[in-house]
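# What the coordinates show
Listed below are the residues making up each chain.
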Amino acid sequence: MFEYLPNIIFVVVLFLGLYFFSRNLHRLYRNINLGKQIDVSDNKKQRFINMSKIALGQGKLIKRPISGFLHVVVYVGFIIINIELLEIILDGILGSHRLFSSYMGSFYGYLIGTFEFLAVSVLLAVSVFWIRRNVIKLKRFFGDNMKGWPKNDANIILYFEVVLMVLFITMNATDLKFQEMNSGNLISGYIYGFFSDYSIESLHLIERASWWAHIIGILIFMNYLYFSKHLHILLAFPNTYFAKLNNIGEIDNLNSVTKEVKLMMDPETAFSNDVSESDEIDKFGSSDVMDLNRLQLLNSYSCTECGRCTSVCPANITGKKLSPRKIMMDTRDRIEEVGKNIDLNNGNFIDDGKTLLNDYITKEELWACTSCNACVQECPISIDPLSIILDMRRYLVMEESSAPLELNNMMSNIENNGAPWPYNQMDRLNWKE
Amino acid sequence: MEKNLHVKTMADFAAEGKEPEVLFWVGCAGSFDDRAKKITKAFVKILNSINVDFAVLGTEESCTGDPAKRSGNEFLFQMQAMTNIEVLNSYDVKTIVTTCPHCFNTIKNEYPSLGGKFKVLHHTQFLNNLLKEGRLKIEGGEYKGKKITYHDPCYLGRANNEYNAPRELIKKLELELIEMKRCKSNGLCCGAGGAQMFKDAEKGDKEINIERTEEALETKTSVIAAGCPFCNTMISDGVKAKEKEKDVKVLDIVELIVTAQDL
Ligand code: SF4
Ligand code: SF4
């Protein structure tokens, strides 16, 4: 009975890890579904290609070669080293030791050797990341709301990676059986030297401790994701899949408005048919996260907070308050707040007197946008901060009529004489003279 | 020396029972703004010089609704759009060319789902096509060999992925193109888009057009070319603010062609 204790503990730990993870995923799914439905069922092939290129192939990261290369190292390392996870889990459940080694023969050595090489590469890459963030203090990692949690989060994850990689190497280095195989201990073979005067028992103890810490660390990491910008390692895939396919210059035409405008322009049809069908009049634009669509909410959860968008935003560059990254982070913070509210109130949202507009994002930010699409172009995982800005402007104009005075003048000019300036439409051909 | 421009409206064509080859959508800036009117005329001169059978809507044209849409006024936008589409469809228009990337983007991308399906070209694309067909010939003129830089309008470049057409024309003019640090898909906005043209900027430490103009001036070229009347205004203002208007000209590509061909 006693001899199975580790297996039982392992299964319980694994189960807990997966249970909490699935709870997080469920919460994520529920929160995203608080947004409005959006039709993204078209053109599956192109969507698939985009996802493969941008998320899997990291196609947009290469634009900034240094961080792009380092990111690929960490990403590839992360994915490949996780193959090892399979063995660890099976070993844990079955109580075996390096289960795969007996089946794979010499290939096992190559595999682990690759993992070790990658682990060290990841360590190096992560160190550079840390230096860029904390020593060089790259501008895009600071500014707007990159204080407190977002700042710590970025570092915590780097430390996490370091600890996991070090544990992985230590676990291999102190594994006598593995070292005796002398195949695949590419790096750990050297580390093994440090432990030469340790007794067999203490080596075993360190090996076991590292093994357990490693797997528990991974489970914690998995559950940490939901609270972190690192959710993007999962969400980058759906996010790039569902991203807009049309020219980025196109802004969607609001269907609810189309209906009304058609009625206005052609009153006869207004009375002839389907007036009864007129579903509940939508609120125009967005003042809170529930008015946004699901893609926009998915965007907010996917944001890596890398600040590429903000670093190219003309408004931000010239010192305005607007920061597209902040738009995404605010949206995520607010949808989280709404989600918690729902959890606390047995599944219903109780008005908390707050909205995304004003309490998170101010009008001043919204009106500073030139709709230049630089942020959209720059985002490595195809997030569209501009669409949120525009939906909120729509609310400001169509529900609150609170555009800046000059814009109101511009709009009444268009309404009255078909041009943003006060010229008569009848003079439109006068340039000829 | 100013030759008479030959401009017919859609209504003129309809009265003659004819159809033009293309509709030239002039746009609000091109119709009313003094600086932009020169660009309109330059483009017409080129069209006249090679006898392109084009028409304008004249008094039947109205704002595309772009600044309203980007301010958030979807109602006004769609009213404008549907009115325009009705006019365009009544003349059975198939191809539209415009000198304004905002009109270009709106008619091309946002009119189709409201019932307006046209082939839409930016004037640099249109001229490029004529060049390829051999109808238009361009060679270096007054500015030949001079250094020039080109500012990508957001709504032509990033929004619609057209970076080449204007550059091809510059090449044909035998100008030496010096790119700015931020160009093509990295191009920096001039500051006019999203209806910013019509309002003061929010508080900050700099105007966007100054930031962009400084970058353009860094190329040490004597001409800054653009393909958008709004960019043109913003950068011209920037050049003035930097007191460089004696040394540096801000010109639309069609104006360069007109000077080169001595039209
Ligand atoms: S679209 Fe707006 S938010 Fe995005 S980069 Fe341009 S100005 Fe900034
Ligand atoms: S929106 Fe994209 S570019 Fe901007 S911070 Fe998030 S992930 Fe980075």
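Here the residue numbering is sequential within each chain, running from 1 through the sequence in written order. The order in which chains are written sets their letters, starting at A; the order in which ligands are written sets their numbers, starting at 1. At least 70 in pLDDT is required for a residue's local features to be given in this predicted model, at least 80 for side-chain atom pairs to be given and counted, and no such filter applies to totals for whole chains, interfaces and linings, which use all residues. Values reported for side chains reflect all heavy atoms of the structure, with hydrogen atoms and water molecules removed beforehand.

Next up on the list: the overall build of chain B. Secondary structure follows DSSP: runs of H or I at least 4 residues long count as helices, runs of E at least 2 residues long count as strands, and numbering of each begins at the N terminus. In terms of helices and strands, chain B carries eleven helices and eight strands. The globule rule used here is 2.2 Å times the number of residues to the 0.38 power, and the radius of gyration it is set against is calculated over C-alpha atoms. Computed over the C-alpha atoms, the radius of gyration of chain B is 18 Å, within 12% of the 18 Å expected from 2.2 N^0.38 for a compact globule of 263 residues. For chain B, the spread of C-alpha atoms along the principal axes amounts to about 50 × 45 × 30 Å. Buried, partly exposed and exposed residues are distinguished by accessible area as a fraction of the type maximum, computed with a 1.4 Å probe on protein chains only: under 20%, between the cut-offs, and over 50%, respectively. Burial statistics for chain B: of 263 residues in total, 64% are counted as buried. If you take every contact in chain B between residues at least 6 apart in sequence, the share linking residues at least 24 apart comes to 79%. Contacts are assigned to residue pairs with any non-hydrogen atoms lying within 4.5 Å of each other.

Okay, the site of ligand 2 next. All names here are of chain A. When we say a residue is near a molecule or strand, we mean one of its heavy atoms is within 4 Å of it. Neighbouring ligand 2 are Cys303, Thr304, Glu305, Cys306, Gly307, Arg308, Cys309, Arg325, Met328, Cys379, Pro380 and Ile383. At the level of secondary structure, the elements contributing two or more residues to the shell around ligand 2 comprise α14 (308-312) and α16 (324-344). Among the residues making up the shell around ligand 2, the classes are represented as seven nonpolar, two polar and three charged. Three categories are distinguished: nonpolar for Ala, Val, Leu, Ile, Met, Phe, Trp, Tyr, Cys and Pro, charged for Asp, Glu, Lys and Arg, and polar for the others, with Gly belonging to the last.

A few words on the pairing of strand β3 (residues 95-98) of chain B. Residue and element names in this part refer to chain B. Think of it this way: DSSP has to see at least two bridges between two strands before they count as a pair. Summarising the sheet, strand β1 (residues 22-25) and β3 pair through three bridges and their orientation is parallel. When the sheet's bridge partners are listed, Leu23 is paired in β3 with Ile96. With helix α6 (residues 101-110) bridging β3 and its parallel neighbour strand β4 (residues 119-122), the resulting β-α-β unit is right-handed. Call a crossover right-handed when, viewed with both strands pointing away from you, the route from the first strand across the helix to the second goes clockwise.

On to the confidence of the model for chain B. Here chain B averages 95 in pLDDT, while 99% of its residues score no lower than 70. Across the whole predicted complex the pTM is 0.93, and at the interface the ipTM reaches 0.94. Known as pLDDT, the predictor's confidence for each residue is given on a scale from 0 to 100.

Residues and elements named next belong to chain A. On domain assignment, one finds that chain A holds domain 1 (2-32 + 64-232) and domain 2 (255-417). Residue ranges assigned to the domains are those given by an automatic or database domain assignment. Distance between the C-alpha centres of domain 1 and domain 2: 40 Å. Taken together, the contacts link 22 residues of domain 1 with 27 residues of domain 2. Note on terms: buried area is the combined drop in 1.4 Å-probe accessible area of two parts once they are placed together, counting the loss on both. Roughly 1,900 Å² of surface becomes buried between domain 1 and domain 2 when both sides are summed, with 48% attributable to carbon and sulfur atoms. By the criterion of area lost to domain 2, the three top residues of domain 1 are Ile32, Arg64 and Arg140, representing 30% of everything that side buries. Here, a salt bridge means any Lys or Arg side-chain nitrogen found within 4 Å of an Asp or Glu carboxyl oxygen. Applying the counting rule to domain 1 against domain 2 returns three salt bridges.

On to unusual backbone geometry. Residue and element names in this part refer to chain A. Located in the positive-phi region is Arg98, a residue other than glycine, with phi close to 50°. Here Arg98 lies in the loop between α3 (65-94) and α4 (99-104). Not every positive phi belongs to a glycine, and Glu305 is a case in point at roughly 60°. Within the fold, Glu305 resides in the loop between α13 (294-302) and α14. Exposure remark for Glu305: the relative accessible area of 8% places this residue in the buried category.

It is worth spelling out the sheet that holds strand β5 (residues 147-150) of chain B at this point. Residues and elements named next belong to chain B. Spatially, four strands are ordered β6-β5-β7-β8 in an open sheet, and the strand pairing comes out parallel. Because the sheet does not close on itself, it has two edges, and the strands there are β6 (176-177) and β8 (249-252). In terms of strand pairing, β5 meets β6 through two bridges, oriented parallel. In the strand pairing of β6, Ile148 is matched with Leu177.

Each Phe, Tyr or Trp ring (for Trp, its six-membered ring) is paired with any other whose centre lies within 6.5 Å, and the angle between the two planes then decides the class: stacked below 30 degrees, edge-to-face above 60, tilted in between. If you walk through the whole model with that rule in mind, you get 22 aromatic pairs over all chains. On the basis of an interplanar angle of 15° and a centroid distance of 6.4 Å, the ring pair of Phe15(A) and Tyr19(A) is categorised as stacked. Here Phe15(A) and its partner Tyr19(A) are both found in helix α1 (residues 5-32), four residues apart, which amounts to about one turn of the helix. The partly exposed category is assigned to Tyr19(A), whose relative accessible area is 38%. For the pair Phe198(B) and Phe230(B), a centre-to-centre distance of 6.3 Å together with 75° between the ring planes defines the contact as edge-to-face.

Further remarks concern the site of ligand 1. Taken together, Cys313(A), Pro314(A), Leu322(A), Pro324(A), Cys369(A), Thr370(A), Ser371(A), Cys372(A), Asn373(A), Ala374(A), Cys375(A) and Ile389(A) are the residues near ligand 1. Classifying every residue of the shell around ligand 1 gives nine nonpolar, three polar and no charged.

With that settled, the discussion passes to the pairing of β8(B). Taken residue by residue, a regular strand's side chains alternate between the two faces of the sheet. Residues and elements named next belong to chain B. Two strands pair when backbone bridges link them, and strand β7 (residues 223-226) and β8 are joined in this way by four bridges, in the parallel orientation. Across the sheet, the residue bridging to Ile224 is Val250, located in β8. Crossover connection from β7 via helix α10 (residues 229-241) to parallel β8: handedness right-handed.

This part is about the nonpolar core. Put simply, a nonpolar core is a bunch of buried Ala, Val, Leu, Ile, Met, Phe, Trp, Tyr and Cys residues held in one set by side-chain atoms that sit within 4.5 Å of each other. One finds Phe54(B), Ile96(B), Phe126(B), Leu127(B) and Leu256(B) to be the most contacted residues of the largest nonpolar core, which totals 188 residues. A total of ten residues in this core trace back to one element, the largest contributor, which is helix α5 (residues 106-134) of chain A. Contact partners of Leu256(B), with chain neighbours within four places excluded, come to Tyr143(B), Ile148(B), Leu173(B), Leu175(B), Val223(B), Ala225(B) and Leu251(B). Grouped together as the second largest cluster of nonpolar side chains are six residues, Cys372(A), Ala374(A), Cys154(B) and Cys189(B) included.

Here we come to the interface of chain A and chain B. Tallying the contact residues gives 62 residues for chain A and 73 residues for chain B. Three residues stand out in chain A for area buried against chain B, namely Trp421(A), Arg428(A) and Trp431(A), and they jointly supply 15% of the buried area on that side. Taken together, chain A and chain B are joined by two salt bridges. For Glu61(B), the salt bridge goes to Arg428(A), with nearest N and O atoms at 2.6 Å. Each polar contact in these results corresponds to two N or O atoms within 3.5 Å; when the atoms are within protein, one needs to be able to donate a hydrogen and the other to accept it, and residues that are neighboring in sequence are counted only if both atoms are side-chain atoms. Remark: the boundary between chain A and chain B carries 35 residue pairs in polar contact (both at pLDDT 80 or more).

Another aspect to go through is a nonpolar patch on the surface. Put simply, a patch holds well-exposed residues, over 30% relative accessible area, that have no salt bridge, with like charges counted together within 9 Å and Val, Leu, Ile, Met, Phe, Trp or Tyr side chains within 5 Å. Only the protein chains shown count as covering a residue, and every accessible area follows the Shrake-Rupley method with a 1.4 Å probe. Nonpolar side chains collect at one region of the surface, where Tyr4(A), Ile8(A), Val12(A), Phe15(A), Leu16(A), Tyr19(A) and Phe20(A) lie side by side and expose about 690 Å² of accessible area between them. As for its placement among the helices and strands, Phe20(A) is situated in helix α1.

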